[in-house]
Amino acid sequence: QVQLVESGGGLVQAGGSLRLSCTASGRTFSGNAMGWFRQAPGKEREFVAATRGSGAITYYADSVKGRFTISRDNTKNTVYLQMNSLKPEDTAVYYCASGATIISREVSRYDYWGQGTQVTVSS
């Protein structure tokens with residue numbers, strides 16, 4: 001079993017920045033993919049970003065590409081999401097996910113999920 005704990009969410013004005021952190025514990029595998037997803041009120045959970053292995057390989061949703069950066073520190077079993085130039089439409093609960101053997105944007109590919117952290121961007 002894997003446990004994921006997110007932190008770093010909060011309230012920020014449009015154009016601002018936040019950095020989310022997700023620390024994994026339990027039966028983790030550093031070579032597996034980890035990702036970030038988000039879910040806004042009334043919407044389905046959507047893919048944001050993912051990384052595999054050491055973090056050299058990354059993948060982003062078109063809506064955040066160029067603004068968000070995913071990184072990974074395997075010595076700490078932690079994955080980060082640096083969010084810059086935030087927009088009101090980025091407002092959502094952000095979830096960390098792990099367990100996928102390959103990088104994927106599909107929710108069903110991931111076996112483990114964190115509790116989520118709220119990100120609110122005001123206009």
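As shown above, the structure is provided for reference.
Keep in mind that this is a model prediction, so the values were computed, not measured.

Asks: Whenever I open this one, the packing of aromatic side chains confuses me. Can you help?
Replies: Here a ring pair, both rings aromatic, is described through the centre-centre distance and the interplanar angle of the planes. Applying the stated criterion across every chain, the model contains five aromatic pairs. Taking the centre distance of 5.5 Å and the plane angle of 35° together, the rings of phenylalanine 47 and tyrosine 59 count as tilted. Of this pair, phenylalanine 47 sits in strand E5 (residues 46-52) while tyrosine 59 sits in strand E6 (residues 57-60), and the two are 12 residues apart along the sequence. Given the relative accessible area of 35%, tyrosine 59 is considered partly exposed. Linked through ring pairs, Phe37, Phe47, Tyr59, Tyr110 and Trp113 together constitute an aromatic cluster. A cation sits over an aromatic face here: arginine 45 above tyrosine 95, 3.8 Å from the ring centre. Here the guanidinium or amino end of arginine 45 rests over the ring plane of tryptophan 113, the centre of that ring lying 4.9 Å away.

Asks: Is there a simple way to think about the side chain of threonine 51 in this case?
Replies: Tracing the backbone shows threonine 51 in strand E5. A distance of 2.9 Å separates a polar atom in the side chain of threonine 51 from the backbone oxygen of isoleucine 57. Sequence-distant contacts of threonine 51, defined by excluding residues within four places in its chain, comprise Asn32, Ala33, Met34, Ala56, Ile57, Thr58, Ile70, Arg72, Val79 and Ile103.

Asks: What exactly am I supposed to notice about the environment of glycine 66 here?
Replies: With respect to the secondary-structure elements, glycine 66 resides in the loop between E6 and strand E7 (68-73). Put simply, glycine 66 and isoleucine 103 are 37 residues apart on the chain and 19 Å apart in space, counted from C-alpha to C-alpha.

Asks: Sorry, what's going on with the pairing of strand E11 (residues 117-122) here?
Replies: Put simply, side chains in a regular strand alternate between the two faces of the sheet. By the alternation rule, side chains of E11 split into Thr117, Val119 and Val121, which are all buried, and Gln118, Thr120 and Ser122, of which none is buried. Inspection of the sheet shows strand E9 (residues 92-100) paired to E11 by three bridges, in the antiparallel sense. Bridge pairing links alanine 92 to valine 119 in E11.

Asks: It is not clear to me how the sheet that holds strand E8 (residues 78-83) should be interpreted in this structure. Could you clarify?
Replies: In a beta sheet, neighbouring strands pair by backbone hydrogen bonds and run either parallel or antiparallel. Here we have four strands laid out as an open sheet, ordered E1-E3-E8-E7, and antiparallel in their pairing. Because the sheet does not close on itself, it has two edges, and the strands there are strand E1 (2-7) and E7. On average, adjacent strands in this sheet sit at an angle of 15° to one another, irrespective of strand direction. Here strand E3 (residues 18-26) runs beside E8; their pairing, made up of six bridges, is antiparallel.

Asks: What's the story with the side chain of aspartate 90 in this structure? I'm lost.
Replies: Tracing the backbone shows aspartate 90 in the loop between E8 and E9. Polar side-chain contacts of aspartate 90 include one of 2.9 Å to the side chain of arginine 38. For aspartate 90, the residues in contact, after removing those within four places along its chain, are Arg38, Arg67, Phe68, Ser85, Val119 and Val121.

Asks: Where do I start with the environment of leucine 86 in this structure?
Replies: For leucine 86, the position within the fold is in the loop between E8 and E9. The exposure class of leucine 86 is buried, given its relative accessible area of 2%. Measuring from C-alpha to C-alpha, the distance between leucine 86 and glycine 15 comes to 4.9 Å, with 71 residues separating the pair along the chain. In contact with leucine 86, not counting residues within four places along its chain, are Val12, Ala14, Gly15, Gly16, Ser17, Leu18, Arg67, Phe68 and Val121.

Cut-offs applied
Residues numbered from 1 in each chain as written. Predicted model: local features only at pLDDT ≥ 70, side-chain atom pairs only at ≥ 80, totals over all residues. Heavy atoms only, no water. Phe/Tyr/Trp six-rings, centres within 6.5 Å; stacked < 30°, edge-to-face > 60°. Helix = DSSP H or I, 4+ residues; strand = E, 2+ residues; numbered from the N terminus. Buried < 20%, exposed > 50% of the residue type's maximum accessible area, 1.4 Å probe, protein only. Lys NZ or Arg CZ within 6 Å of the ring centre and 35° of its normal. Polar contact = N/O pair within 3.5 Å; in protein donor to acceptor, adjacent residues only side chain to side chain. Contact = heavy atoms within 4.5 Å. Pairing = 2+ DSSP bridges. Axes fitted to C-alpha atoms, helices over the stretch in contact; angles between N-to-C directions.

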